[in-house]
Amino acid sequence: MSIFSKCSRLFASIRYIAHIKPTNVPLRSLSSADIKDEKQQETLYDIVVSGGGMVGAAMACALGHEDVFQDAKILLLEASPQKETYQLPERYSNRVCALSPSTIQLLSSFGAWNDICEMRMNPVRRMQVWESCSDSLITFDKDDMTHNLAYIVENDVTLAAIMKQFDKIKDNVSVKYKAMAKSYELPSPSQNENYQNPWVKIHLEDGTDIQTKLLIGADGFNSLVRQLAKIHVVGWLYKQHAVVATLHLSEVYFLFEAM
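If you're wondering where the values come from, they're calculated on a predicted model, not measured in any experiment.

Colleague: Tell me about the overall build of the protein, and name the residues and values.
Modeller: The secondary structure content of the protein amounts to seven helices and eleven strands. Relative to its 259 residues, the protein shows a buried fraction of 32%. Of the contacts formed within the protein by residues at least 6 apart in sequence, a portion of 73% connects residues at least 24 apart. Of the roughly 17,900 Å² that the protein leaves accessible, carbon and sulfur atoms contribute 52%.

If you want it as structure tokens, here you go:
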């Protein structure tokens, strides 16, 4: 499953939960708007997405464009400084992703896919994979060839198209640049059945503390959020090397096969 597919599924789950109205919730401070102290309100968010890469930015942007979250206070934490307006370079980048139809549907839901198409992308119409030590191969294609398998898009193009959409949701979604989480603190259980503390504390590298009811981890390979949630992962080395390159062809061909 691709990282964007996981993002799509998580987004669908959050949207579904947001539509559920609890029947017996005598809890307090269920929304950042319930806090009357203005100074404290500045550090409280309904949703915090930790990690401003393609997946984290897409999640925050998708949530911000949903009507059910129009009154929610959402924050995206991005460790790098804010970039200048993206200028499409003449040379292609070797850092690319294959965007599946479900990913394109997610990006289309808040307008990013249209901007990607206006910049550049290339469709994958057919793919064949084989190995050198046997005649085994596997082919992926569409029988009628009316739909593409995926689209190859540079990471910078995808991220630039997503970040552009934040201008439309400034009222409820903010981006905090140069913000890296140092540690997280889960709410402690309450002995009072009528009150539960819903806030997760986030301690940033600059000494700032913020709190949220929903923390979404998109903070990369060594995710602190994953470690906090005690989500175990299994991995191993393939002991293989690969070459990634951009080819400049003397003539235009329709390439349907890739190794």
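So, next bit.
Colleague: Account for the sheet that holds strand β11 (residues 209–217), with residues named and values stated.
Modeller: Ordered in space as β8-β2-β1-β11-β10-β9, the six strands form an open sheet in which the pairing is mixed. Edge strands, defined here as strands with exactly one partner in the open sheet, are β8 (173–176) and β9 (181–185). Going from strand to strand, the sheet's axes swing by 40 degrees on average, the running direction of each strand aside. Sheet topology note: the β9/strand β10 (residues 200–204) ladder contains four bridges and is antiparallel. Each bridged residue has a counterpart across the sheet, and for Tyr184 the counterpart in β10 is Ile202.

Colleague: Account for the packing of helix α3 (residues 54–64) against helix α6 (residues 155–164), naming residues and giving values.
Modeller: Each pair of packed helices gets described by two things: the angle between the helix axes and the distance between those axes. Across the interface, α3 lies against α6 with an axial gap of 9 Å and an inter-helix angle of 20 degrees. Considered as vectors, α3 and α6 are oriented roughly parallel to each other. Like other packed secondary-structure pairs, α3 and α6 cross with a definite hand, here left-handed. Where α3 approaches α6, its residues Met54, Ala57, Ala58 and Cys61 are matched on the opposing element by Asn155, Thr158, Leu159, Ile162 and Met163.

Colleague: Please set out the pattern of salt bridges residue by residue, giving values where relevant.
Modeller: If you walk through the whole model with that rule in mind, you get three salt bridges. For Asp46, the salt bridge is made with Lys213, and the minimal N-O distance between the two is 3.5 Å. Taken together, the positions of Asp46 in strand β1 (residues 44–50) and Lys213 in strand β11 put the pair 167 residues apart, joining distant regions of the chain. With a relative accessible area of 7%, Asp46 lands in the buried category. Under the relative-accessibility criterion, Lys213 is labelled partly exposed at 29%. For Lys164, the salt bridge goes to Asp115, with nearest N and O atoms at 3.4 Å. Of this pair, Lys164 sits in helix α6 while Asp115 sits in helix α5 (residues 112–119), and the two are 49 residues apart along the sequence. Overall, Lys164 belongs to the partly exposed group, its relative accessible area being 47%.

Colleague: Requested: an account of the nonpolar core, with residues and values cited.
Modeller: Judged by nonpolar contacts, the single largest core of 33 residues is most densely connected at Leu99, Leu107, Phe110, Trp113, Ile116, Ile162 and Phe166. Of all the elements in the fold, those that place two or more residues in this core are β1, α3, β2 (74–77), β3 (96–99), α4 (101–108), α5, β7 (150–154) and α6. Those residues in contact with Phe110 that sit more than four places away from it in its chain are Ala58, Cys61, Ala62, His65, Ile162, Gln165 and Lys168. If you look at the next biggest cluster of nonpolar residues, it comprises 13 residues, including Leu75, Ala179, Tyr184 and Val200.

Colleague: Lay out the environment of Val153 in plain terms, naming residues and giving numbers.
Modeller: Residue placement: Val153 occurs in strand β7. Placed 32 residues apart in sequence, Val153 and Met121 show a C-alpha to C-alpha distance of 4.9 Å.

Colleague: How would you summarise the pairing of β3 if you had to cite specific residues and measurements?
Modeller: On β3, burial follows the alternation: Cys97 and Leu99 on one face are buried, whereas Val96 and Ala98 on the facing-out side are not. Where β3 and β7 come together, four bridges link them in antiparallel fashion. Looking across to β7, one finds that Leu99 is bridged to Tyr151.

Colleague: Describe the sheet that holds strand β4 (residues 122–124), and please don't skip the residues or the numbers.
Modeller: Reading across the sheet, the three strands line up as β3-β7-β4 and stay open at both edges, with antiparallel pairing between neighbours. The outermost strands of the open sheet, each flanked by one partner alone, are β3 and β4. Each adjacent strand pair in this sheet contributes to an overall mean axis angle of 30 degrees, direction not counted. Pairing analysis gives three bridges linking β4 to β7, with the strands arranged antiparallel. Paired with Asn122 across the bridge in β7 is Ile152.

Rules and cut-offs
- Residues numbered from 1 in each chain as written.
- Predicted model: local features only at pLDDT ≥ 70, side-chain atom pairs only at ≥ 80, totals over all residues.
- Heavy atoms only, no water.
- Helix = DSSP H or I, 4+ residues; strand = E, 2+ residues; numbered from the N terminus.
- Buried < 20%, exposed > 50% of the residue type's maximum accessible area, 1.4 Å probe, protein only.
- Contact = heavy atoms within 4.5 Å.
- Areas by Shrake-Rupley, 256 points an atom, 1.4 Å probe, with all protein chains shown as cover.
- Pairing = 2+ DSSP bridges.
- Axes fitted to C-alpha atoms, helices over the stretch in contact; angles between N-to-C directions.
- Parallel < 35°, antiparallel > 145°, perpendicular 65-115°, else oblique.
- Left-handed = near helix turned anticlockwise from the far one by under 90°.
- Salt bridge = Lys/Arg side-chain N within 4 Å of Asp/Glu carboxyl O.
- Core = buried A, V, L, I, M, F, W, Y, C linked by side-chain atoms within 4.5 Å.

It is worth stressing that arrangement in space is one thing and function is another; only the former is reported here.
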